[in-house]
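As a plain string of letters, each chain reads:
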Amino acid sequence: MSSKYEVNQEIKAGVMASMPIIGEINDVKLRDKVLDAWALTLEENEFKRMEEIPGLPVLGEYCSQPKHITAVTKMVLGMVECMNEALEEPLKLDRDLLLACAICHDLGNPYEYNIRKRKRWEEHPSKEGYPCLRHTFYGAHIALTVGLPEAVAHACACHSPEGQFVERSLGTTILYHVDDAFWKILRSAYEIS
Ligand SMILES: [Fe+2]
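Cut-offs and rules
- Each chain carries its own residue numbering, running from 1 in the direction its sequence is written.
- Only residues with pLDDT of at least 70 get local features here, since the model is predicted, and only at 80 or more are side-chain atom pairs given and counted; chain-wide, interface and lining totals rely on the full set of residues.
- Counting from the N terminus, the helices are the DSSP runs of H or I reaching at least four residues and the strands are the DSSP runs of E reaching at least two.
- To get the radius of gyration, use the C-alpha atoms; to get the globule rule, take the number of residues to the power 0.38 and multiply by 2.2 Å.
- For the exposure call, what matters is how many other C-beta atoms sit within 10 Å of a residue's own: 20 or more marks it buried, 12 or fewer exposed, and in between partly exposed, using C-beta atoms placed from the backbone.
- Think of it this way: build a C-beta for each residue from its backbone, and any pair within 7 Å is a contact.
- UniProt positions are given in the numbering used here, feature names are shortened, and annotations may be inferred rather than shown by experiment.
- Axis angles are defined between N-to-C directions and span 0 to 180 degrees, where every axis is a line fitted to C-alpha atoms and, for a helix, only to the segment in contact.
- By the definition used in this description, the sense in which the near helix is turned from the far one sets the handedness, with an anticlockwise turn below a right angle giving left-handed and a clockwise turn giving right-handed.
- Only Asp, Glu, Lys and Arg are considered charged in this grouping, and only Ala, Val, Leu, Ile, Met, Phe, Trp, Tyr, Cys and Pro are considered nonpolar; every other residue, Gly among them, is considered polar.
- Residues of type Ala, Val, Leu, Ile, Met, Phe, Trp, Tyr and Cys that are buried and joined through C-beta atoms within 7 Å form what is called a nonpolar core.

(A) Spatial organisation of the overall build of the chain. Scanning the chain for helices and strands turns up 10 helices and 0 strands. For the chain, the sequential pattern of α-helices and β-strands runs α-α-α-α-α-α-α-α-α-α. Relative to the compact-globule value of 16 Å for 193 residues, the chain shows a C-alpha radius of gyration of 16 Å, a close match. Principal-axis analysis of the C-alpha atoms places the extent of the chain at approximately 55 × 40 × 30 Å. Residues counted as buried form 35% of the 193 residues belonging to the chain. Intrachain contacts of the chain at a sequence separation of at least 6 include 70% that bridge at least 24 residues.

(B) Representation of the UniProt feature "domain: HD" (unreviewed entry) in the chain. Using the residue numbers shown here, the UniProt feature "domain: HD" (unreviewed entry) corresponds to residues 76-163. Taken end to end, residues 76-163 has its terminal C-alpha atoms 18 Å apart, with 66% of it in helix and 0% in strand.

(C) Main features of helix α8 (residues 135-145). Those residues of α8 that fall on the buried side of the exposure criterion are His135, Thr136, Tyr138, Gly139, Ala140, Ile142 and Ala143. Buried residues along α8 sit against α2 (28-44), α4 (95-104), α5 (109-112) and α9 (150-158). Positioned one or two residues after α8, Gly147 has a phi angle of 85 degrees, which is positive.

(D) Fine view of the packing of α4 against α9. One can describe the packing of α4 onto α9 by two numbers: an axis separation of 9 Å at closest approach and a directional angle of 35 degrees. α9 is crossed by α4, and the crossing has right-handed handedness. Only Ala151, Val152, Ala155 and Cys156 of α9 make contact with α4, whose side of the interface consists of Leu97, Ala100, Cys101 and Cys104. Counted by class, the contact of α4 with α9 contains 8 nonpolar, no polar and no charged residues.

(E) The arrangement of the nonpolar core in detail. Judged by nonpolar contacts, the single largest core of 42 residues is most densely connected at Ala37, Cys104 and Ala143. Among the elements of the structure, α2, α3 (65-86), α4, α8, α9 and α10 (170-189) are those that each provide at least two residues to this core. Setting aside its immediate chain neighbours within four residues, Cys104 contacts Val34, Ala37, Gly139, Ala143, Leu148, Val152, Ala155 and Cys156.

(F) Region of interest: unusual backbone geometry. In the segment running from Tyr130 into Pro131, the intervening peptide bond is cis, with an omega of -10 degrees. Tracing the chain through its elements places Pro131 in the loop between α7 (125-128) and α8. Phi at Glu46 is positive, roughly 65 degrees, even though this residue is not glycine. Relative to the assigned elements, Glu46 resides in the loop between α2 and α3. The class of Glu46 is exposed, set by 12 C-beta atoms lying within 10 Å. At Glu191, a residue that is not glycine, the phi angle is positive and equals roughly 50 degrees.

Shown next, in the form of structure tokens:
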């Protein structure tokens, strides 16, 4: 599934500079779609660089979005490697697709933390909800808009508690636990309640 969209090339170059780990995706088309997706979600929500996204209250002050996503992606790869060393047969996962899922899982954060929209939602939650959509829904919308595989849209939509209502894919199951662990470790390390 895809539709017409335009990407700001300066923002796209900024995404690559913020998250060099995108370069680990060998499939050129997939890598380009990942960059398009991030550039599109940033521009649609009035951000130029990933570092500008505020992210989670309090916790966001301890870790920028690109650093969180890079760490989660490395943790996912590390977990798969450890599991594979322990198992008779390696997990059936496509490394490029797993990378794309991990790098894109928070594609919706520029929307959920859109400064202008958030102020509007907060003032009138009975009108549109607060937030109107969580990052999971919006991330899936962006993934499908740029024509990323449905597995990536699934990772966006289901890596958070929303995923309890479906059977998560193997990649998204790993992502869900790693993403959750990242924030729990951060909370414990800095004694954030
Ligand atoms: Fe995350």
